[in-house]
Amino acid sequence: MKKLFVLVVILSGLFFTACEKDNFKPQEDELITGYSNTGNKRTCGMDAKMKILLSDPVYKAQHERKLKMINSIIGLREFNSDTIILPMAVHFEQVSNPDIECLRALAKSQIAVLNEDYGGTNEDISKWQNIAGNTFPGINNGKAHFKFCLATKNHPDGYGLEDGDIAVTVNKVTGENSSDWSGYINIFVIPNTGVLGYSPLGGSGNGDGVVIDATAFGKGQGCGSIFPKEPYNLGRTLTHELGHYLLLDHIWGGGCGIDDDVTDTPDAEQEYYGCPEIGVASCGSTDMFMNYMDYVNDACMFMFSEGQVTRSSNYISTSLQNIVNNAAKVCGETTTEATCSDGIQNGQETGVDCGGPDCIPCGNSGSSCDQTPIELEFVLDDYGSDITWELLDEEGVVLYEGGDYPDFQSGEVVQDSFCLAYGCYTLIVEDLFEDGLCCEYGEGSFSLSIDGYEFVQSDGEFGANEIIEFCIGEEDGEESASISKRVISPRVPAKIEAARIAKKR
Ligand SMILES: [Zn+2]
C-alpha cells in the first residue's frame with residue numbers, strides 16, 4: 001500500500017507544474033484509494049513564502065526566537081480573559097464588476113467556517129468522533145477558545161467603511177500587506193495566485209495576513225469570478241493557511257522523524273492528497289491525514305488536534321497581542337457605552353478605561369492629578385514586545401497596566417504616569433521571554449520617580465520579572481516614596497501566577 005502511494009506521488013509530481021490549476025474532478029476510484037494522480041492537488045505556498053521572509057536576517061532572528069519561545073511553553077498559557085476575539089479584514093483584489101453584497105456574504109461564510117473548524121463545532125467533526133477511539137487512541141480533537149470576527153467598527157479611513165459595515169474591501173488593497181490594517185488578521189483574496197493559498201509561518205499582525213486564491217475562498221455559490229471550486233469549496237484552504245499564520249506547520253513536518261513541533265500529531269512521511277482511506281500509515285504510525293494541516297480535499301479534512309490548538313493559542317497570547325488588543329475597538333456592537341472600569345476600550349474611550357467625555361484622561365499627567373503623580377519610565381531593549389507591567393494596590397487589584405512595546409527600538413524611552421493616593425503599591429514588570437531588559441539584546445532599564453526624584457532604578461537584569469513594593473506618603477511636609485521590598489525572579493513565582501489566575505476569573 002505504502003509503496004503504491006509513494007510511486008503514485010512520484011508519478012503525479014511529474015505532472016504537477018503543468019496541471020496544478022486544472023479543474024479536474026477526481027474519479028470515484030481515486031477518492032476511494034485516495035491517490036490523486038492528476039495535477040488537481042492542494043498547493044500551499046507557505047514554505048516558499050517563508051524562504052523569502054527568512055532571507056532577511058532580522059526577520060530570521062525574530063522568527064527563530066518566536067519558535068524557541070513557543071516551543072519552550074508546555075501546556076496552555078493562561079489568557080487574560082475567557083474569550084479571545086481576533087479581528088479580521090477581507091480584501092478582494094482585482095475584481096471586475098464586483099457585487100459587493102455578494103462578496104460580503106461570501107466573506108461571512110468563510111469566517112463562519114473558521115469559527116466552526118477552530119472551535120471543533122464543524123458538522124463533520126462526527127467523522128472524527130467515529131474513528132478517534134479506535135484509530136487514534138488517546139488523541140483528542142482541539143477546541144479553540146479564541147474566535148474570529150469580521151471587524152465592524154472604527155475602520156481605517158479611506159476605505160469608505162462606516163461603523164456597522166463589515167471589514168470587507170474590494171479593489172482597495174493591492175498585494176499581501178496593508179499597514180492601514182495593522183492589528184487585524186488580513187485575508188487577501190487574489191485571482192490566479194498559482195497556489196491555493198499561502199501565509200507566513202507565524203504572522204505578525206502588522207498589516208500582514210494570508211493570501212487565498214479567488215477559487216478557494218469561502219463556501220457556497222460564490223460571486224462571479226470569485227467562487228469556491230471543488231474539491232476546495234468548503235472554506236478549508238483558509239482554515240489551513242490560518243493555521244500557518246498561528247504557527248502551525250504541515251502535519252508531516254519534514255518526513256519521518258522530523259516533527260511539526262506538536263506532540264499529539266503522529267509522525268508522517270509526507271502529505272496526502274484527495275481523500276485517503278482511514279488507517280493509512282507511515283513512519284510506524286497511523287497517519288492523521290484528516291487534519292486541517294494536511295493536503296487532502298476540503299471534504300476529507302475535519303479536525304485539529306488538541307496540541308495544535310494549544311500551540312496556536314500560545315502563539316496568539318505571546319505574539320499577537322496587538323491583534324487581541326484591537327478587538328475591543330473594532331469588533332462587536334457599535335453602540336457600546338464607555339464603562340471606564342472593565343479593562344476594555346469601549347464607547348468613546350480613547351484608551352483602555354480612559355479618555356473621551358466619560359472617563360478619566362489617559363496617561364494621567366501631573367497637571368490633572370489631584371493625588372500623587374508617579375512616573376514610570378522604560379528604556380527599551382530590542383524586544384519591547386516581551387515587556388508588560390502592572391501596578392497593584394494593597395488588595396492586589398490592578399490599577400494600571402501597560403506594555404507591550406515595539407520591537408527593535410533599543411534605547412528608546414517610553415513613559416507612563418499614574419496618579420496615586422498615599423498608601424502602598426506593587427509594581428510588577430514582566431518579561432515574557434524571561435531575559436529581562438538587559439543585556440543580551442540591548443541595554444534596557446526602568447525607573448519610578450516622584451517629582452523628578454527616581455526612587456526606583458532597575459538595571460533591567462531581572463529575568464522573568466521584577467516586583468517592587470513601595471509606599472508613598474508625606475515626610476516633613478513633603479511627598480516621599482520608599483521601597484519596602486524588591487524581588488527579582490528568573491521565572492514567574494507559582495504563587496503570583498496562581499493569584500493572578502484566580503483574580504482573572
Ligand atoms: Zn500549508
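Bear in mind that the values here come from a model prediction, so they are computed numbers and not experimental data. (Residues numbered from 1 in each chain as written. Predicted model: local features only at pLDDT ≥ 70, side-chain atom pairs only at ≥ 80, totals over all residues.)

## Details of the overall build of the chain
Part 1 of the reasoning: Along its length, the chain carries ten helices and 19 strands.
Part 2 of the reasoning: Within the chain, buried positions represent 40% of all 505 residues. (Helix = DSSP H or I, 4+ residues; strand = E, 2+ residues; numbered from the N terminus. Buried ≥ 20, exposed ≤ 12 C-beta atoms within 10 Å, placed from the backbone.)

## Some remarks on the environment of Ile74
Part 1 of the reasoning: Take Ile74: it is sitting in the loop between helix 4 (57–72) and strand 1 (84–92).
Part 2 of the reasoning: Sequence separation of Ile74 and Arg311 is 237 residues, and the distance between their C-alpha atoms is 9.2 Å.

## With respect to the nonpolar core
Part 1 of the reasoning: Ranked by size, the top nonpolar core spans 81 residues in total, and within it Met88, Val90, Val189, Met290 and Val296 carry the most contacts.
Part 2 of the reasoning: Considering every element that reaches this core, the biggest residue donor is helix 5 (residues 100–119), with seven residues.
Part 3 of the reasoning: Excluding residues that lie within four positions of it along the chain, Val189 makes contacts with Val90, His91, Phe92, Glu93, Ile212, Ala214, Phe217 and Ile226.
Part 4 of the reasoning: Among the nonpolar cores identified, the runner-up in size contains 22 residues, and Leu380, Ile387, Ile467 and Ala481 belong to it. (Core = buried A, V, L, I, M, F, W, Y, C linked by C-beta atoms within 7 Å. Contact = placed C-beta atoms within 7 Å.)

## Quick look at helix 5
Part 1 of the reasoning: When the terminal C-alpha atoms of helix 5 are compared, their 28 Å separation across 20 residues agrees well with the 28 Å that a helix rising 1.5 Å per residue should span.
Part 2 of the reasoning: Of all the positions in helix 5, only Leu103, Leu106, Ala107, Gln110, Ile111, Val113, Leu114, Asp117 and Tyr118 are classed as buried. The arc that holds the buried residues of helix 5, viewed along the axis, is 155°, so those residues lie on one side.
Part 3 of the reasoning: In this structure, the buried residues of helix 5 make contact with strand 1, strand 2 (146–150), strand 3 (168–170) and helix 7 (236–245).
Part 4 of the reasoning: Backbone geometry just downstream of helix 5 places Gly120 in the positive-phi region, at approximately 70°. (Expected span 1.5 Å × (residues − 1). Arc of directions from axis to C-beta.)

## A few points about the confidence of the model for the chain
Part 1 of the reasoning: Looking at the chain as a whole, its pLDDT mean stands at 85, while 84% of the residues score no less than 70.
Part 2 of the reasoning: Within the model, pLDDT remains below 50 along residues 1–39, and this stretch shows 47 contacts once partners closer than five positions in the same chain are excluded. (pLDDT = per-residue confidence, 0-100.)

## So, the environment of Gly207
Part 1 of the reasoning: Mapped onto the elements, Gly207 comes out in the loop between strand 5 (197–198) and strand 6 (209–213).
Part 2 of the reasoning: For Gly207 and Tyr184, which are 23 residues apart along the polypeptide, the C-alpha to C-alpha distance reads 6.8 Å.
Part 3 of the reasoning: Those residues in contact with Gly207 that lie beyond four places of it in its chain are Asn177, Ser178, Ser179, Trp181, Ser182 and Asn186.

## Examining the pairing of strand 13 (residues 423–431)
Part 1 of the reasoning: Among the nine residues of strand 13, seven are classified as buried, and the element is accordingly described as predominantly covered.
Part 2 of the reasoning: By the bridge criterion, six bridges tie strand 10 (residues 387–392) to strand 13 in an arrangement that is antiparallel. Bridge pairing in strand 13 places Trp389 opposite Val429.
Part 3 of the reasoning: Pairing of strand 13 with strand 18 (residues 465–475) involves eight bridges; the strand directions are antiparallel. Across the sheet, Gly423 pairs through a bridge with Ile472, a residue of strand 18. (Pairing = 2+ DSSP bridges.)

## Quick word on the sheet that holds strand 17 (residues 453–458)
Part 1 of the reasoning: A sheet is described by the order of its strands in space; here four strands give the open sequence 12-9-16-17, paired in antiparallel fashion. Edge positions in the sheet fall to strand 12 (413–420) and strand 17, since each of these pairs with one other strand and no more. For this sheet, the mean inter-axis angle between neighbouring strands, taken without regard to orientation, is 20°.
Part 2 of the reasoning: Bridging between strand 9 (residues 372–379) and strand 16 (residues 445–450) involves six bridges; their strand directions are antiparallel. Bridge assignment links Ile374 to a residue of strand 16, and that residue is Ile450. (Axes fitted to C-alpha atoms, helices over the stretch in contact; angles between N-to-C directions.)

## Details of the sheet that holds strand 11 (residues 398–403)
Part 1 of the reasoning: Taken together, the five strands give an open sheet; going across it, the order is 11-10-13-18-19, and neighbouring strands pair in antiparallel fashion. At either margin of the open sheet sits one strand with a lone partner, and together these are strand 11 and strand 19 (478–489). Recorded for the sheet is a direction-independent mean angle of 15° between the axes of neighbouring strands.

## Regarding the pairing of strand 18
Part 1 of the reasoning: Note that strand 18 and strand 19 share eleven bridges and pair antiparallel. Residue Asn465 lies in a different strand from strand 19, and its bridge partner there is Ser489.
Part 2 of the reasoning: Adjacent in sequence and paired antiparallel, strand 18 and strand 19 are bridged by two residues, among which Asp476 carries a positive phi angle near 50°.

## Section: the packing of helix 4 against helix 8 (residues 306–319)
Any two packed helices are characterised by how steeply their axes cross, that is the angle between the axes, and by the distance between the axes.
Part 1 of the reasoning: Orientation of helix 4 relative to helix 8, taken along the N-to-C sense of each, is 120°, at an axis distance of 10 Å. Here helix 8 runs oblique to helix 4, going by the angle between their axes. Judged by the sense of rotation from one axis to the other, the crossing of helix 4 with helix 8 is right-handed. Between helix 4 and helix 8, the residues in contact are Lys66, Met69 and Ile70 and Arg311, Asn314, Tyr315, Thr318 and Ser319, respectively.
Part 2 of the reasoning: Tallied by class, the residues present in the contact of helix 4 with helix 8 amount to three nonpolar, three polar and two charged. (Parallel < 35°, antiparallel > 145°, perpendicular 65-115°, else oblique. Left-handed = near helix turned anticlockwise from the far one by under 90°. Nonpolar A, V, L, I, M, F, W, Y, C, P; charged D, E, K, R; others polar.)

## Overview of helix 9 (residues 321–330)
Part 1 of the reasoning: If you check which residues of helix 9 are buried, you get Ile323, Val324, Asn326, Ala327 and Val330. The buried side chains of helix 9 occupy one side of the element, clustering within an arc of 160° when seen end-on.
Part 2 of the reasoning: Close packing links the buried residues of helix 9 with strand 1, strand 2, strand 4 (185–190) and helix 8.
Part 3 of the reasoning: One or two positions beyond helix 9, positive phi appears at Gly332, with a value near 95°.

## Concerning unusual backbone geometry
Part 1 of the reasoning: Across the junction of Glu230 and Pro231, the peptide omega takes the value 0°, indicating a cis bond.
Part 2 of the reasoning: Structurally, Pro231 can be placed in the loop between strand 6 and helix 7.
Part 3 of the reasoning: A cis amide bond links Gly403 with the next residue in sequence, Asp404, at an omega value of 0°.
Part 4 of the reasoning: Among the secondary structure elements, Asp404 is positioned in the loop between strand 11 and strand 12.
Part 5 of the reasoning: In the Ramachandran plot, Asn97 falls in the positive-phi region, its phi being about 50° despite a non-glycine side chain.
Part 6 of the reasoning: Relative to the helices and strands, Asn97 is located in the loop between strand 1 and helix 5.
Part 7 of the reasoning: Of note, Asp451 is a non-glycine position whose phi angle comes to about 55°, a positive value.
Part 8 of the reasoning: Secondary-structure assignment places Asp451 in the loop between strand 16 and strand 17.
Part 9 of the reasoning: On the basis of neighbour counts, which here come to 14 C-beta atoms within 10 Å, the residue Asp451 falls in the partly exposed class.

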